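Breakdown of the fold
Residues per chain are reported as follows:
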Amino acid sequence: MGCLASKNSEGDEGKTRKKVVMVGLDNAGKTSILNRVRTQHFMPSAPTVGLNIETITFGNLELLIFDIGGRARSLWSHYYENLDALIFVVDSTDRSRLLNVREEFIKLNDELRYKNSVVLVLFNKQDAIEELVDYSDLLEECGVNEVLELDTIVQKCSAKNGDGLIEG
């Protein structure tokens with residue numbers, strides 16, 4: 001079920017292609033982030049059933065992004081073959097599910113341990129100030145610093161206004 005594209009492959013016109021898998025619990029904002037980066041506009045989206053696949057180009061870099069629905073967690077690992085990067089999106093307003101995120105991070109360690117890939121954790125919905133969980137609490141409760149043993153980058157972001165997405 002994995003992607004057949006090879007790592008660091010050079011495509012037509014000298015473009016470097018990278019495979020990116022985007023996962024996270026349902027309602028974290030994965031598809032909204034993908035749409036925001038692709039169109040530069042916020043577009044509300046329905047829950048993803050299965051997956052969305054998009055190609056996004058930044059100069060000579062072509063990203064093949066697999067946006068996998070949060071309810072399909074048992075299928076996530078099937079897309080890790082030939083993976084260059086994994087984006088894990090966290091809903092920064094949903095404290096009640098941060099323990100579930102921690103559990104998924106533990107699984108990620110086991111599944112990605114021998115793969116040469118980078119993990120980007122996006123703390124989404126940073127624009128929802130009133131419901132926002134404090135950043136240090138997000139890090140601690142998700143276990144980013146103590147659970148994830150992979151090459152990890154953490155970025156606060158908002159799919160709604162675009163803050164932090166390109167930086168991530």
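Being a predicted model, the structure only gives us computed values, none of them experimental. (Residues numbered from 1 in each chain as written. Predicted model: local features only at pLDDT ≥ 70, side-chain atom pairs only at ≥ 80, totals over all residues. Heavy atoms only, no water.)

**Quick word on unusual backbone geometry**
If you check the backbone angles, Asn82 has positive phi at about 55° while not being a glycine. The residue Asn82 is located in the loop between strand E4 (61-68) and strand E5 (85-91) in this model. A positive phi is found at Lys125, a non-glycine position, where the angle reads about 70°. Here Lys125 lies in the loop between strand E6 (118-124) and helix H3 (135-142). (Helix = DSSP H or I, 4+ residues; strand = E, 2+ residues; numbered from the N terminus.)

**Quick notes on the pairing of strand E2 (residues 16-23)**
Relative to E4, E2 runs parallel, the two being bridged by 7 bridges. Counted as the bridge partner of Lys18 is Leu63 from E4. As judged from the 4 bridges shared by E2 and E5, these two strands associate in the parallel manner. By the bridge assignment for E5, Val20 is matched with Ala85. (Pairing = 2+ DSSP bridges.)

**Digging into the confidence of the model for the protein**
Across the protein, pLDDT averages 90, with 92% of residues at or above 70. Across residues 1-7, where pLDDT falls below 50, the model places 17 contacts with residues more than four positions away in sequence or in other chains. (pLDDT = per-residue confidence, 0-100. Contact = heavy atoms within 4.5 Å.)

**Quick word on the environment of Ser96**
Relative to the helices and strands, Ser96 resides in the loop between E5 and helix H2 (98-112). Polar contacts involving the side chain of Ser96 include one to the side chain of Asp94, which spans 2.7 Å. (Polar contact = N/O pair within 3.5 Å; in protein donor to acceptor, adjacent residues only side chain to side chain.)

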